[in-house]
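# Observations on chain architecture
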Amino acid sequence: MEPIIIVLIILVVLVFIALMKTVQVIPQASAAIVERFGRYTRTLNAGLNIVVPFIDSIRNRIDLREQVVPFPPQPVITQDNLVVNIDTVIYYQVTDARAATYEVASYIQAIEQLTVTTLRNIIGGMDLERTLTSREEINAALRGVLDEATGKWGIRVNRVELKAIEPPTSIQDSMEKQMRADRDKRAAILQAEGVRQSEILRAEGEKQSAILRAEGEAKAAALRAEGEAQAIRTVFESIHAGDPDQKLLSYQYLQMLPKIAEGDANKLWIVPSEIGDALKGLSGAIGNFGPMSGGNSASGPTPPAPRREQPPLD
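Residues numbered from 1 in each chain as written. Predicted model: local features only at pLDDT ≥ 70, side-chain atom pairs only at ≥ 80, totals over all residues. Heavy atoms only, no water.

For the record, the criterion: UniProt positions are given in the numbering used here, feature names are shortened, and annotations may be inferred rather than shown by experiment.
If you check an unreviewed UniProt entry, the protein appears there as SPFH domain-containing protein from Streptomyces pathocidini. Taken verbatim from the UniProt record of the protein, the Sequence similarities (unreviewed entry) comment is "Belongs to the band 7/mec-2 family." Annotation of the protein in UniProt includes, under Subcellular location (unreviewed entry), the sentence "Membrane".

### Considering the pattern of salt bridges
Pairing between side chains of opposite charge can happen when their charged atoms approach one another. The line we're drawing: In the sections that follow, a salt bridge refers to a side-chain nitrogen of Lys or Arg positioned within 4 Å of a carboxyl oxygen of Asp or Glu. Helix and strand definitions follow DSSP, with helices as H or I runs of at least four residues and strands as E runs of at least two, each counted in order from the N terminus. Exposure is judged per residue with a 1.4 Å probe applied to protein chains only, and the accessible area is read against the type maximum: over 50% gives exposed, under 20% gives buried, and values in between give partly exposed.
Inspection of the entire model under this criterion finds seven salt bridges. Taking the shortest distance from any N to any O, the salt bridge between Glu35 and Arg59 comes out at 2.8 Å. Here Glu35 is found in strand β2 (residues 30-36), whereas its partner Arg59 is found in strand β5 (residues 56-63), with 24 residues between them in sequence. Using a relative accessible area of 9% as the deciding quantity, one classes Glu35 as buried. Put simply, Glu137 and Arg130 hold a salt bridge, and the shortest N to O gap is 2.8 Å. You can call Arg130 partly exposed: its relative accessible area is 37%.

### A closer look at helix α5 (residues 135-150)
Applied cut-off: The span one expects for a helix is its residue count, reduced by one, times 1.5 Å. Summarising the geometry, the arc corresponds to the directions from the helix axis toward the C-beta atoms. Here a residue-residue contact requires only that any non-hydrogen atoms of the pair lie within 4.5 Å.
Taking 1.5 Å of rise per residue, the 16 residues of α5 would be expected to cover 22 Å, and the 22 Å separating its terminal C-alpha atoms lies within 8% of that figure. Every buried residue belonging to α5 is among Ile138, Asn139, Leu142, Leu146 and Thr150, and all of these are buried. Considered in projection along α5, the buried side chains sweep an arc of 95° and stay on one side of the axis. Of the residues in α5, the exposed ones pointing more than 90 degrees away from the buried face are Glu136, Ala140 and Glu148. Tucked inside the fold, the buried residues of α5 contact β7 (83-94), α3 (107-123), α4 (128-133) and β8 (155-166).

And the structure:
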């Protein structure tokens with residue numbers, strides 16, 4: 001009985017192993033290559049698959065999702081004989097599991113070497129300044145070459161990015177000095193422009209202020225002159241309406257003489273020649289009043305003319 005039990009156990013184990021090899025579950029976004037006696041038979045897609053046990057074998061399981069592979073820095077020589085280190089990142093996706101398995105031994109290593117050689121060809125035709133400012137151009141050229149070369153491997157290169165472009169240390173120091181000088185130059189230009197604009201605005205403000213002040217003074221002078229003219233006109237009209245005679249005018253003229261000499265600033269004043277006529281008129285008026293008051297006759301002596309004071313010597 002014991003040999004029979006042992007045989008049954010061996011048969012059960014073989015059946016279990018056969019079932020395990022017959023039923024193959026492939027995850028989503030994956031594929032498996034099936035070989036029969038070492039020859040490609042078919043590609044298993046996601047889901048439950050049945051294969052012939054001990055005859056069919058799974059050669060390779062491939063992830064069909066997009067992959068991101070960073071490559072280490074690669075030294076590249078520019079057109080002006082400067083060595084720069086460039087870090088690259090490749091975004092790729094396997095579109096044909098069979099081609100990725102049989103057309104190339106290691107597509108990751110092949111993509112890396114192809115990236116390095118393509119970068120050297122592209123950067124070798126550019127100088128350092130153009131290399132630093134033409135990342136989009138380099139990415140587009142590199143992606144075009146990689147996509148064309150990896151198509152037969154069943155791989156599609158979606159994107160190529162340059163992570164960093166590092167020039168030599170001496171060149172970096174020179175670039176930093178140049179950028180610092182450019183920033184100082186721009187700052188000085190902006191400061192000069194600010195000062196210039198400030199001076200222009202200040203001059204414009206002073207100009208407008210002077211114009212407004214002159215206009216105000218002109219209007220004030222015009223209003224003042226108009227007021228004086230109106231006052232003179234009013235006085236003249238009042239005098240004309242009162243119909244004064246020569247005697248009254250002479251008397252008023254003599255009353256105004258002391259006011260002319262008032263003030264410390266009036267060091268020199270000149271007696272007009274018309275004062276003699278005024279005095280004659282006044283004497284005639286006094287002579288006319290004489291008979292009425294019983295005093296001297298109208299033909300009395302004429303009052304002496306005031307002396308003309310000499311200006312003080314400074």
